[in-house]
Amino acid sequence: MERGNLSYRCQGKTSSGTTSKRESTDAVHGGGSARSSDEAPVMGAERRGRHDQADLRGPTGNGMSLLGTAKPFDIPKIKVMEAWKLVKRNGGAAGADGISIEKFERKLAKNLYTIWNRMSSGSYYPAPVLRVDIPKKSGGTRPLGIPTVGDRVAQMTARLCFEPLVEPHFHPDSYGYRPGKSAHQAVEQARKRCWQYDWVIDLDIKGFFDTIDHELMLKAVDQFKPPAWVRLYIERWLKAPAEDRGGIRTERNMGTPQGGVISPVLANLFLHFTIDRWMDIHHPGIPFERYADDMVLHCRTKSEAEGVLASIKERLGSCRLTVHPVKTKIVYCRDGKRKLNHEHTRFKFLGFDFQARTARSKTGKLFLGFGPAISKDVEKEIRVEIRSWKIHQAVEADLERLSELYNAKLRGWFNYYGKFRVSALYGIFCLFTGILVKWAKRKFKSMKGSWKRAAAYISARAVDSSHLFVHWEEGWLANGRT
């Protein structure tokens, strides 16, 4: 099996060139990462030295590097620095230790050196993952696992070496969290195939990230023979306990935390063997699009879809996963030419509703097609969020300030959901513009009580200051009432 083009220093070799399987015997499982046997004097020297240079030299009191020190695993320090830059760019909240990215950066050299030293020594153990319950749109909560900043750097270091091994082998119709792949590509491919195939399996795996079997996960990892240190720490990350904000810890014997840096790669790897390759072998004529655990499959007939779904349920069961009995459904792509009656004629994929929609042909003729547009559920959530900003009450701010506060969010929505059927966003931006009119009525005495004068002012600003808001750049001057 191809291993990818990794440098020798990423292969987890010892200084003598052999693969090490040793682990430090003085590592502890207490409150976070354990310390290697040679770290205590080094840390003492660090406290006496300077920490404002993130050059990852191992301070020894005289500023000399510890590159010559024998370590079980030869992990390049430059990889740890590269990992830190990526973690900082991605941002995110503090983990269970309460240390934010800003606080971590105050002692950057010391913190990065500690991570490198422990990982190289085999004595690195992750801290508990902070468990945060996120409300689900369908009700209930979804657990999100937030590693500490230091553990995110460690995971990113491993990911930089592990991902190039597995990425070239992933299925071309796997789109989630992959370099050069995007949600838009998945939606576009689904749109084209819905024109070619009459039936869709809208597949939902129940609690996927929380129910991944660790034994099977590690077997999948072993297929690619990763560096020994990567294999070691992946297992420790999988088994790291969860801790809630009250400090109560829960042992974990399955799943990989949503929120972990390496979790998306592991999830893709697990589903690569569980479903992607299996589909190619057992159902080669059934195309699909998968974005992490969100998947749609295309069939020619209803009976074919029923047979494939039954087969998938059996396959997932053998891999200790479960198909969600309510959310998983067979959908008929009903439109102007496909007119059969069926219980389900629409499905949701990556924030877009696929259903029958009026469209215009290249010759200008209207017809009923089948395609994606922003989901009604998503549109409702966006409207609620816009109203929660209470812009009409911010009379102390000017339009330039409102643009600084909100245009980035508006642009993100426009760029993502406007990729398909952009006209479906018109109502959202009509709402926002109407709120701006309310703001103008409150802010300017000359416009108080006059919607017409306030609307005229906003329309004029939309022309001469179109750069302030993304929909103004598009020439959308809607000023409807809210």
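Quick caveat: nothing in here was measured; it's all calculated off a predicted structure.

Trainee: It is not clear to me how helix α8 (residues 214–222) should be interpreted in this structure. Could you clarify?
Mentor: The α-helix advances 3.6 residues per turn, and as a result positions three or four apart in sequence lie on the same side. Those residues of α8 not exposed but buried are His214, Met217, Leu218, Ala220 and Val221. What you see down the axis of α8 is that its buried residues fit within an arc of 155°, all on one side. Elements in contact with the buried residues of α8: α5 (149–166), α9 (228–239) and α10 (263–282). A side-chain oxygen of the first residue of α8 lies 3.1 Å from the backbone nitrogen of glutamate 215; this N-cap is aspartate 213.

Trainee: Looking at this structure, I do not really get the pattern of salt bridges. What am I missing?
Mentor: Close approach of charged atoms allows side chains of opposite charge to pair. Taken as a whole and judged by the stated rule, the model has 28 salt bridges. The shortest N-O distance in the salt bridge between arginine 193 and aspartate 173 comes to 3.1 Å. Highlighted residues: arginine 193 in helix α6 (residues 183–196) and aspartate 173 in the loop between α5 and α6, separated in sequence by 20 residues. Judged by its relative accessible area of 13%, arginine 193 falls in the buried class. Note on aspartate 173: relative accessible area 9%, which makes it buried. Residues aspartate 464 and arginine 461 are paired through a salt bridge, measuring 3.5 Å at the closest nitrogen-oxygen approach.

Trainee: Before we go on, may I ask you to explain the state of the cysteines in this structure?
Mentor: Counting across every chain of the model gives zero disulfides. Cysteine cysteine 333 remains unbridged, with the sulfur of cysteine 194 as its closest cysteine sulfur at 4.1 Å. In this structure cysteine 333 comes out as buried when scored by relative accessible area, which is 0%.

Definitions and limits used
Residues numbered from 1 in each chain as written. Predicted model: local features only at pLDDT ≥ 70, side-chain atom pairs only at ≥ 80, totals over all residues. Heavy atoms only, no water. Buried < 20%, exposed > 50% of the residue type's maximum accessible area, 1.4 Å probe, protein only. Helix = DSSP H or I, 4+ residues; strand = E, 2+ residues; numbered from the N terminus. Arc of directions from axis to C-beta. Contact = heavy atoms within 4.5 Å. Polar contact = N/O pair within 3.5 Å; in protein donor to acceptor, adjacent residues only side chain to side chain. Salt bridge = Lys/Arg side-chain N within 4 Å of Asp/Glu carboxyl O. Disulfide = S-S within 2.5 Å.

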